[in-house]
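# Examining the three-dimensional arrangement
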Amino acid sequence: MKDMLLEIKQNAIEQLNNADSKEKLEEIRIKYLGKKGELTAILRGMGKLSKEERPIVGKVANEVRSEIEELLDEKIQGIKNVEKAKKLKEEIIDITMPGTLPKVGRRHPLEMTLDKVKEIFMSMGFAIEEGPEVEYDHYNFEALNIPKGHPARGEQDTFYINDNIVLRTQTSPVQIRTMENQKPPIKMISPGKVYRSDDLDATHSPIFYQIEGLVIDKNITFADLKGTLDVFFKKMFGENMRTKFRPHHFPFTEPSAEMDVTCFVCDGDGCNVCKGSGWIELVGCGMVHPQVLRNCGIDPEEYSGFAFGFGLDRMVMLNYGIDDIRLLYESDMRFLDQF
């Protein structure tokens, strides 16, 4: 049996020295050291040996196994080194070649327009106020003179978390919170995202940006509202921009109006964008309803005020000639690189 072990050792060493791949080395390992290998088969037959022979044969068997394993590990490492050297030689990096420039992002047209709007209103003395996008029904509807069952709720169908919590449909709740926490005079705008359960198409989105403004003080009139918006749009789009007001109805203002501005595309001459009228509807506005003032603890006999609101997305689309609102939210650099 000792001679058989030495023969296995010699054969294994010879085959290992001739092996030139990891696959062949694995075959040799299985042949001699595997569960059904030649060395394992001999070791299983040691039970037939005498007590005197077992230690001697066992020692030789262990030495043979150790030598085969050591040579096997050495050959595997040698092949790995050869493969690594070959790979490094094939993957030489030419450090003189110009690198790949990273893609540089751009400011979003929504952000650029919003910053300009904020800058103009701040120059007119307005503060910027913010509030939660997940809002109580009280602030989003009740305090704005829109009780449960009011028809206006159908026009602003939203996403309800439960009966008392909604995703805000407008930034008007910020106005209510401001009137509750600050004493007049108040002069603020509240820009931010709002949510309505509209089907997504070229002109509608369940998420969009809105900017609302509020002024509360003594002796505020509709003339102050008209003058404020007229100045804003002239600063925003140029001195040739004209505005006009049409009577309307909103539950939280009285009297109420919608404001139109000169068409950005045709400069008032008439085109397909403004449907030949030369005007584009942009703003809803009016004098703050006395009940809304009372809801916020402000005496309507002493104070009055005006409020207005407009969609930032629509202003961006009209200003840049964008015909699909979805382009503003898809983060497609082919679109954004144009601005």
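Residues numbered from 1 in each chain as written. Predicted model: local features only at pLDDT ≥ 70, side-chain atom pairs only at ≥ 80, totals over all residues. Heavy atoms only, no water.

## With respect to the overall build of the protein chain
The secondary structure content of the protein chain amounts to twelve helices and nine strands. Taking 339 residues into account, the globule formula puts the C-alpha radius of gyration at 20 Å, and the protein chain, at 40 Å, lies well above it. Residues counted as buried form 40% of the 339 residues belonging to the protein chain. Restricting the contact set of the protein chain to residue pairs at least 6 apart, pairs at least 24 apart contribute 66%. (Helix = DSSP H or I, 4+ residues; strand = E, 2+ residues; numbered from the N terminus. Rg over C-alpha atoms; globule rule 2.2 N^0.38 Å. Buried < 20%, exposed > 50% of the residue type's maximum accessible area, 1.4 Å probe, protein only. Contact = heavy atoms within 4.5 Å.)

## Observations concerning helix H8 (residues 172-181)
An α-helical segment advances 3.6 residues per turn. Residues three or four places apart therefore align on the same side. Within H8, seven of the ten residues are buried, which leaves the element mostly enclosed by the surrounding structure. Looking at the packing, one finds that the buried side of H8 touches strand S2 (134-136), helix H6 (137-140), strand S4 (186-195), strand S5 (207-217), helix H10 (290-295) and strand S9 (304-311).

## Examining the environment of Leu225
Within the secondary structure, Leu225 is located in helix H9 (residues 222-237). Given the relative accessible area of 0%, Leu225 is considered buried. Sequence spacing of Leu225 and Gly192 is 33 residues, and the spatial spacing of their C-alpha atoms is 21 Å.

## Quick notes on the pattern of salt bridges
Tallied over the entire structure, the rule returns 14 salt bridges. Taking the shortest distance from any N to any O, the salt bridge between Arg29 and Glu26 comes out at 2.8 Å. With Arg29 and Glu26 both in helix H2 (residues 22-33), this residue pair falls three residues apart, about one helical turn. A relative accessible area of 32% means that Arg29 is categorised as partly exposed. Judged by relative accessible area, which is 36%, Glu26 ranks as partly exposed. (Salt bridge = Lys/Arg side-chain N within 4 Å of Asp/Glu carboxyl O.)

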